[in-house]
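# Notes for the structure review
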Amino acid sequence: MKAPTVLLVDDEDELRRSVAQSLDLSGFTVRDFASGERAVDFVSQGFNGVVITDIRMPGMDGMTLMGRIRDIDPDIPVILTTGHGDVQLAVRAMREGAYDFIEKPFTPQHLADMAGRAMDRRQLVLENRELRAVAGKRDDIEARLPGRTAVMVDLRYRIRAVAATDADVLIIGDTGTGKEVAARALHDISQRAMKPFIVINCAALPEALIESELFGHEAGAFPGALRARFGKFEHARGGTVLLDEIGSMPFELQARLLRVIQDRSITRLGSNEAVPLDVRFIATSKADLEAEAAAGRFRADLLYRLNVVTLRVPSLKARIEDAPLLFFHLVNEACARYRREKVEVPASVIADISRRDWPGNVRELRNTADRFVLGLGLQPKEEADDADPTEKTLAERVSDYERRLIERALAAHGGNLKPVYESLGIGRKTLYEKMQKYGLDRHDHASGEKPH
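Now for a quick tour of the structure. (Residues numbered from 1 in each chain as written. Predicted model: local features only at pLDDT ≥ 70, side-chain atom pairs only at ≥ 80, totals over all residues. Heavy atoms only, no water.)

## Some words on the overall build of the protein
Rules: Put simply, DSSP marks the helices as runs of H or I at least four residues long and the strands as runs of E at least two long, and each gets a number from the N terminus on. We call a residue buried when its accessible area falls under 20% of the maximum for its residue type, exposed when it is over 50%, and partly exposed in between, using a 1.4 Å probe and counting protein chains only. We call two residues in contact whenever any of their non-hydrogen atoms come within 4.5 Å of each other.
Helix and strand content of the protein: 20 helices and 12 strands. Here the protein holds 452 residues, and the buried ones make up 47% of them. In the protein, 70% of the contacts between residues at least 6 apart in sequence involve partners at least 24 apart.

So this is what it looks like as structure tokens:
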């Protein structure tokens, strides 16, 4: 494979030479061209590098050049530069596949950082093509966990590296960031992909039936056990067990789980015979398990067994540069899901998306994309109504605010009630009463493949 190369295209000779020199000093191999027509000749399906091009040039402009490059290989990153602050053009460029957009004047370091991230992405694309050619299978991690920031490029790289092993994995991240999506990706590109992927919601295990649910039981093990039953661990044989929000697992059950992970065997209730267990364990947690272990709420020995490899999924706020790209991705998904024609995303919407903090992370952004596709705007109707609250009494406005807080908490936690009432600082009974008062249903906020 040839050395990675930056193709730099700009019709302004002095500027082009200056940018080429700064990229060269940053360690890049650079070939510069005054026109897009000449640059196209150096692009091929296996081109190992990225393209940086000015938008407004005589002859073939940057948008046309990008289109020609995407016809050759849509995975070649194209960075567009312009001296014209045209936000509409930036939005169009992103929608048509630009890797990124940078406005002149820019600092050499800013462009070098952007080019470095683009180069990392291209290297991963080429490496994965080689792996797929060998393995004969498709890798769609970038579609599942999209993002161009360094943290997301690194996360995808680590997932691919770890997937080829049988190492147990701990995935840490805030609610709504995509922990379960990362876990499923790990399973789907591993050698266990054709075997079961069993999700165990540790926060929702029925206390009276925990051991039977996980370990199974023999006939007559307890009243009502009329026949033998496999537990979830046995159902996962040969595959992967996802221990979702493991920090919520009852402390007394953690000792039994530790033994299962150590011995890779289970004993059904009512039996003395150990059953071998060939599974991989992936655990997720929004809590800092080291702090939980230090406080005595989580077993330190279990933590050390689980975190052979630790993956951290960043919050959306920590990679806010990815928000527009993610929004386009989620809007397209929503159009397909609701069977709607593709919709245009105005520049004002992208600007709004980029300004928000997104405390609910990708899950909140997905809900926003759904509302946008359905023609309901970017925010719930109650929020929009509050723009002119003078017609409502104080009690009505307080009730509206309380309802929104509960609804947001339900959305952020996927309809799981325990973290909702804990985060709001109220009791379970109080939460139930308020949900009944406001007509809220937890199931409206639960989804089949929800990010965590």
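From this point, things continue past the structure.
## Regarding the packing of helix α18 (residues 394-412) against helix α19 (residues 417-424)
The condition is simple: For helices, the fitted line uses only the C-alpha atoms of the stretch in contact; every axis is such a line through C-alpha atoms, and the angle between N-to-C directions lies from 0 to 180 degrees. What sets the label is the angle itself: under 35 degrees gives roughly parallel, over 145 gives roughly antiparallel, 65 to 115 gives roughly perpendicular, and the rest give oblique. Helix crossings get a hand from a simple test, with the near helix turned counterclockwise from the far one by less than a right angle marking a left-handed crossing and a clockwise turn marking a right-handed one. Residue type decides the class: Asp, Glu, Lys and Arg count as charged, Ala, Val, Leu, Ile, Met, Phe, Trp, Tyr, Cys and Pro as nonpolar, and the leftover types, Gly among them, as polar.
Two elements in contact, α18 and α19, have axes separated by 9 Å at closest approach and are oriented at 135°. Considered as vectors, α18 and α19 are oriented oblique to each other. Note on packing geometry: the crossing formed by α18 with α19 is right-handed. Here Leu405, Ile406, Ala409 and Leu410 of α18 lie close against α19, whose contacting residues are Leu417, Val420, Ser423 and Leu424. Each residue belonging to the contact of α18 with α19 can be placed in one class, and the counts come to seven nonpolar, one polar and no charged.

## Focus on empty space enclosed by the protein
Empty pockets left among the atoms are what a rolling probe the size of a water molecule brings to light. Going by this rule: Only protein atoms enter the calculation, which uses a 1 Å grid: trapped sets of points that fit a 1.4 Å probe without letting it out are cavities, open sets showing protein on both sides within 12 Å along at least five of seven lines are pockets, and any residue with an atom within 4 Å of a point is a lining residue. Grid points are joined across faces, edges and corners, and a volume is the space filled by probe spheres set on the points.
Taken as a whole and assessed by the stated rule, the structure comprises one cavity of 30 Å³ or more. One number sums up the size of the largest cavity: a volume of about 60 Å³. Along its surface, the largest cavity is lined by Leu8, Asp10, Leu15, Arg16, Val19, Ile52, Thr81, Lys104, Phe106 and Leu111. With three residues, helix α1 (residues 13-25) is the single largest residue contributor to the lining of the largest cavity. Across the lining of the largest cavity, the residue classes break down as six nonpolar, one polar and three charged.

## Section: the nonpolar core
Where a protein is soluble and globular, its nonpolar side chains tend to be buried together. Formally: Buried residues of nine kinds, namely Ala, Val, Leu, Ile, Met, Phe, Trp, Tyr and Cys, make up a nonpolar core once their side-chain atoms join them within 4.5 Å.
Judged by nonpolar contacts, the single largest core of 31 residues is most densely connected at Phe233, Leu243, Ile246, Leu257 and Phe281. Taken together, the elements giving at least two residues each to this core come down to β6 (169-172), β7 (197-201), α9 (210-215), β8 (240-244), α11 (251-263), β11 (280-285) and α13 (300-306). Setting aside residues up to four positions removed in sequence, Phe281 forms contacts with Asp168, Val169, Phe233, Val241, Leu243, Leu257, Val260, Ile261 and Arg264.

## Thoughts on α19
The set of residues buried in α19 consists of Leu417, Pro419, Val420 and Tyr421. Looking at the packing, one finds that the buried side of α19 touches α18 and α20 (428-438). Directly after α19, the chain includes Gly425, whose backbone phi takes a positive value near 70°.

## Some words on the packing of aromatic side chains
Condition: Classification of ring pairs uses Phe, Tyr and Trp, with its six-membered ring standing for Trp, and accepts pairs whose centres are within 6.5 Å; under 30 degrees between planes counts as stacked, over 60 as edge-to-face, and the remaining range as tilted. Distance and angle both matter: a charge sits over a ring if NZ of Lys or CZ of Arg is within 6 Å of the ring centre and within 35 degrees of the ring normal.
In total, this model carries four aromatic pairs according to the counting rule given. Between Phe33 and Phe42, the aromatic rings sit 5.0 Å apart at their centres with planes inclined by 40°, giving tilted as the arrangement. For Phe42, a relative accessible area of 33% corresponds to the partly exposed category. Their ring planes at 75° and their centres at 5.5 Å tell us that Phe215 and Phe233 sit as a pair that is edge-to-face. Of this pair, Phe215 sits in helix α9 while Phe233 sits in helix α10 (residues 232-235), and the two are 18 residues apart along the sequence. Residue Phe215 shares its accessibility class with Phe233, and that shared class is buried. We note Arg148 situated over the ring of Tyr99; from NZ or CZ to the ring centre the distance is 5.2 Å.

## Focus on the packing of helix α14 (residues 323-337) against helix α15 (residues 347-355)
Packing of α14 against α15 brings their axes to within 9 Å, and their N-to-C directions diverge by 120°. Here α14 is positioned oblique relative to α15, judged by the angle of their axes. Between α14 and α15 lies a crossing of right-handed hand. Between α14 and α15, the residues in contact are Ala323, Pro324, Phe327 and Phe328 and Val349, Ile350, Ile353 and Ser354, respectively. Class assignment of the residues belonging to the contact of α14 with α15 gives a composition of seven nonpolar, one polar and no charged.

## Here's the deal with the side chain of Glu245
Within the secondary structure, Glu245 sits in the loop between β8 and α11. By relative accessible area, which is 10% here, Glu245 ends up buried. When residues no more than four places from it in sequence are discounted, the contact partners of Glu245 are Lys179, Cys202, Ala203, Thr284, Ser285 and Lys286.

## Digging into the environment of Ser18
Position of Ser18 relative to the elements: it lies in helix α1. Between the C-alpha atoms of Ser18 and Pro108, which are 90 residues apart in sequence, the distance is 9.3 Å.

## Focus on the layout of surface pockets
Taken as a whole, the second largest pocket spans an internal volume of roughly 950 Å³. Forming the boundary of the second largest pocket are 34 residues, of which Arg70, Asp75, Arg121, Leu325 and His329 lie nearest the centre. Residue composition of the lining of the second largest pocket, by class: 16 nonpolar, five polar and 13 charged.

## As for α11
Selection criterion: Between the first and last residue of a helix there are one fewer steps than residues, each counted as 1.5 Å, and that sum is the expected span. Within this analysis, the arc is defined by the directions that extend from the helix axis to the C-beta atoms.
Over its 13 residues, α11 runs 19 Å from end to end, which matches the ideal 18 Å to within 8%, given 1.5 Å per residue. Taken together, the buried positions of α11 are Leu253, Gln254, Leu257, Leu258, Val260 and Ile261. One face of α11 carries all of its buried residues, which in axial projection span an arc of 165°. Lining the buried residues of α11 we find α9, α10, β8, β9 (265-267), β11 and α13.

## Quick look at the sheet that holds strand β12 (residues 309-312)
To keep things clear, this is the line we draw: Note: two strands are recorded as paired if DSSP finds a minimum of 2 bridges between them.
As summarised here, the arrangement of the five strands in space is β7-β8-β11-β6-β12, forming an open sheet in which the pairing is parallel. The open sheet terminates on both sides in strands that have one partner only, identified here as β7 and β12. On average, adjacent strands in this sheet sit at an angle of 20° to one another, irrespective of strand direction. The sheet contact formed by β7 and β8 spans five bridges and is parallel. What sits directly across from Val199, in β8, is Leu242.

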